[in-house]
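What follows is the residue order along each chain.
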Amino acid sequence: MRNIFNLKSSFKNKLFTNSVWGVVSNIIQNILFSVFFVIIARIYSKADFGHYVIANTLYSFMLGFSSLGLGHWFIREIINNENKSTLTNKFFKVQLLIGIFFYVINVIASYLLYDNQMIRTLSVIIGINIIFDNIINVIKSLNIAYQEQQKTFLLLTVEAVLKFLVGCLLLIYKLDMILLSLILIGLRLITLNLFIKMGSSNSIGLKEIIRVKIDWTEIKKIILSNWSFIIISSLSVVNWRIGNILVSKILTIQDVANYEIAFKFFSLAYLIPIIVTSSLYPMLINAFKDGPEKLKSLYNKAYLPLCIYGLLSFTFVYAFADYLVPFVFGKSYNDTALYCKQMFYVMLIFPTIFLQANVILTLKLEKFDMICNIISVLVNVGICIIGFHFYKSLTVVNVAIFTSFFVFHIIQDVILIKNKITSIKHVLLFYLFTTIAIAFYILSDFYLNSGINFMLFWAIILIIGISQFKKIKIAYSTK
């Protein structure tokens, strides 16, 4: 029982080290990336900024498909496979070829979906990132498998610094949007080379990747044997990016900008749970080797902190978005704060969704995770289509996203209950606590200053948490 309060040193050290590396480097990266994003939003017209956002959205959408969702598969296989070198080289080659294929698809899609020549040109340039990202993601997966994420975080920080310097250049001299995109592609090429040389300990080069012999039959075999991973990865991206694409086709260019800014704040918030759960994934696999109870124990240790973090993120944004958004992006984006608050309702369940998805993959139940993703996307798209028919507003997209992930979370709960990783009591307590806490917080916000309400709310949570922890510790110490 005392293990509840004393994590194994190996678990604690690896998780702490990788998480600290991830959190610190990602804070630095995203401060720099966010400054660059803010500069673009402020310097360029809403039309140019909107076109840039649409091109990036299309690229991000295709990127979700281009990796074919094989990252989790590769991590699991590289841990269990003795011939790691051959597996790695083949995976590199597959990702390179598929990246080129989806880049072509990206260009074709931009011409089919949009008549605007600027969007098409930007898509041709920005879409090159698909090829680069596919190769970089292989090295990221290697580093996760070997618990060496610090290499990934360091190189991504270098990229962020370079991008920040380009942003500083824009403050001095405004570049044409196309020229800016070309410069950014040049920076990604530098990052790619650094990843290949440093991220892989100089053991891999582009020549070695190209020389690896792998035929289309083998590629087909890998894809067909792991098709559930492909669907899982693709649909998780669709859930977010389909909203922006629908907005770009149905609503205004201003709505495109509002959605992207709200998503930018959201993407900053979900970095920590992504980093933590990514570090946990190899540990979940190893824990499962020791038995279901070990896996369940590790799952429970990670669940509560992720739950609390989601609540903290939502309450913070709900309290300060009205001040933060216009301060960062300018008064012309005052209305964006409302949509930012709406989007952050998803953070109440998003961190634990990542954890539960990794547990399901660890149990080799990826087909069930795939079903979760399919249902989630259908709910999302269905609500968007019906909602836009009656109500032309960005709120429709935010409601659709929250509902789709809520359904996703419930299905995950059912799967984990059936596999005895969690219990009905645990699940009901999560939803009951979250609902009561949010209802109390929003209600009190009508009567108190938002900042004061935020501090009082978390003071109460902290007091309750400390008192409960002491009671549980005393109870176990007497056993």
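Keep in mind that what you see is a predicted model, and the values were worked out from it rather than measured.

> What am I meant to see in the overall build of the chain here?
Helix and strand counts for the chain stand at 20 helices and 0 strands. Per-residue burial over the chain gives 54% buried out of 479 residues. Summing over all exposed atoms, the chain offers an accessible surface of approximately 22200 Å²; the carbon and sulfur share of this is 70%.

> Explanation requested: the nonpolar core in the structure shown.
Looking at soluble globular proteins, one finds that nonpolar side chains tend to be buried together. With 113 residues, the main nonpolar core has Leu 180, Trp 240, Phe 266, Phe 344, Val 359 and Phe 405 as its most contacted residues. Ranked by residue count, the leading element in this core is helix 14 (residues 292–329), at 16 residues. Counting residues in hydrophobic clusters, the runner-up holds 22 residues, among them Val 138, Ile 139, Leu 156 and Phe 195.

> Looking at this structure, I do not really get helix 16 (residues 350–362). What am I missing?
For helix 16, spanning 13 residues, the distance from its first C-alpha to its last is 19 Å, which sits close to the expected 18 Å at 1.5 Å a residue. Most of helix 16 is tucked away: 12 of the 13 residues are buried. All of the buried residues in helix 16 are Phe 350, Pro 351, Thr 352, Ile 353, Leu 355, Gln 356, Ala 357, Asn 358, Val 359, Ile 360, Leu 361 and Thr 362.

> How do you make sense of the packing of helix 16 against helix 18 (residues 395–418) when you look at a structure like this?
When two helices pack together, you describe them by how their axes are tilted relative to each other and by the distance separating the axes. Where helix 16 meets helix 18, the axes come as close as 10 Å, and the angle between the chain directions of the two elements is 40°. For the element pair helix 16 / helix 18, the angle class is oblique. Handedness of the helix 16/helix 18 crossing: left-handed. Contacts between helix 16 and helix 18 involve Phe 350, Thr 352, Ile 353, Gln 356, Ala 357, Val 359 and Ile 360 on the former and, on the latter, Phe 405, His 409, Gln 412, Asp 413, Ile 415 and Leu 416. Broken down by class, the residue content of the contact of helix 16 with helix 18 amounts to 8 nonpolar, 4 polar and 1 charged.

> Any chance you could explain the confidence of the model for the chain here in plain terms?
Detailed reading of predicted coordinates is not advised where the pLDDT is low. Residues with a pLDDT of 70 or more make up 80% of the chain, whose mean pLDDT is 80. Counted against residues more than four places away or in other chains, residues 1–8, with its pLDDT under 50, gives 12 contacts.

> Could you clarify how one ought to interpret the packing of aromatic side chains in this entry?
Any two aromatic rings considered together are summarised by their centre-to-centre distance and by the angle between their planes. Under the counting rule described, the total for this entry stands at 27 aromatic pairs. Summarising the aromatic geometry, the rings of Tyr 270 and Phe 354 are spaced 6.5 Å apart at their centres and angled 50° between planes, so their arrangement reads as tilted. With Tyr 270 in the loop between helix 12 (253–269) and helix 13 (271–289) and Phe 354 in helix 16, this residue pair connects regions lying 84 residues apart in the sequence. When the centroid spacing of 4.9 Å and the interplanar angle of 90° are considered together, the rings of Phe 350 and Phe 354 count as edge-to-face. Taken together, the residues Phe 350 and Phe 354, both in helix 16 and 4 residues apart, mark about one turn of the helix.

> Teacher, can you tell me more about the environment of Ala 109 here?
By the secondary structure assignment, Ala 109 is in helix 4 (residues 84–113). Look at Ala 109 and you get buried, because its relative accessible area is 11%. The sequence separation of Ala 109 and Leu 58 amounts to 51 residues, and the corresponding C-alpha distance is 8.3 Å. Beyond its immediate stretch of four places on either side in the chain, Ala 109 contacts Leu 58 and Met 62.

> Which parts of the structure should I look at to understand helix 13?
Taking 1.5 Å of rise per residue, 19 residues should cover 27 Å, and helix 13 covers 28 Å from first to last C-alpha, within 8% of that figure. Where helix 13 bends most, at Tyr 281, the angle is about 35°, and the proline Pro 282 comes one to four residues later. A positive phi of about 130° marks Gly 291, the residue just after helix 13.

> Explain the pattern of salt bridges to me, please; I cannot follow it from the model alone.
Two side chains of opposite charge can pair, provided their charged atoms sit close to one another. The tally for this structure, following the rule as stated, stands at 4 salt bridges. Across the pair Asp 115 and Arg 120 runs a salt bridge whose closest N-O atoms are separated by 3.9 Å. Asp 322 is the partner of Lys 341 in a salt bridge, and the nearest nitrogen-oxygen pair spans 2.8 Å. Of this pair, Lys 341 sits in helix 15 (residues 336–343) while Asp 322 sits in helix 14; the two residues are 19 residues apart in sequence, bridging distant segments of the chain. With a relative accessible area of 15%, Lys 341 lands in the buried category. Each member of the salt-bridge network shares a partner with another, and the members are Asp 133, Glu 159 and Arg 188.

> It is not clear to me how the packing of helix 14 against helix 15 should be interpreted in this structure. Could you clarify?
Helix 15 packs onto helix 14 with a crossing angle of 170° between their chain directions and a minimal axis gap of 8 Å. Viewed along their axes, helix 14 and helix 15 adopt a mutual orientation that is roughly antiparallel. The element helix 14 and its partner helix 15 pack so that their crossing is right-handed. Within the contact between the two elements, helix 14 uses Phe 314, Val 317, Tyr 318, Ala 321, Asp 322 and Val 325 and helix 15 uses Thr 336, Ala 337, Cys 340 and Lys 341. Counted by class, the contact of helix 14 with helix 15 contains 7 nonpolar, 1 polar and 2 charged residues.

Each value, and the rule that gives it
- Residues numbered from 1 in each chain as written.
- Predicted model: local features only at pLDDT ≥ 70, side-chain atom pairs only at ≥ 80, totals over all residues.
- Heavy atoms only, no water.
- Helix = DSSP H or I, 4+ residues; strand = E, 2+ residues; numbered from the N terminus.
- Buried < 20%, exposed > 50% of the residue type's maximum accessible area, 1.4 Å probe, protein only.
- Areas by Shrake-Rupley, 256 points an atom, 1.4 Å probe, with all protein chains shown as cover.
- Core = buried A, V, L, I, M, F, W, Y, C linked by side-chain atoms within 4.5 Å.
- Expected span 1.5 Å × (residues − 1).
- Axes fitted to C-alpha atoms, helices over the stretch in contact; angles between N-to-C directions.
- Parallel < 35°, antiparallel > 145°, perpendicular 65-115°, else oblique.
- Left-handed = near helix turned anticlockwise from the far one by under 90°.
- Contact = heavy atoms within 4.5 Å.
- Nonpolar A, V, L, I, M, F, W, Y, C, P; charged D, E, K, R; others polar.
- pLDDT = per-residue confidence, 0-100.
- Phe/Tyr/Trp six-rings, centres within 6.5 Å; stacked < 30°, edge-to-face > 60°.
- Bend = angle between axes of the 7 residues up to and from the residue.
- Salt bridge = Lys/Arg side-chain N within 4 Å of Asp/Glu carboxyl O.

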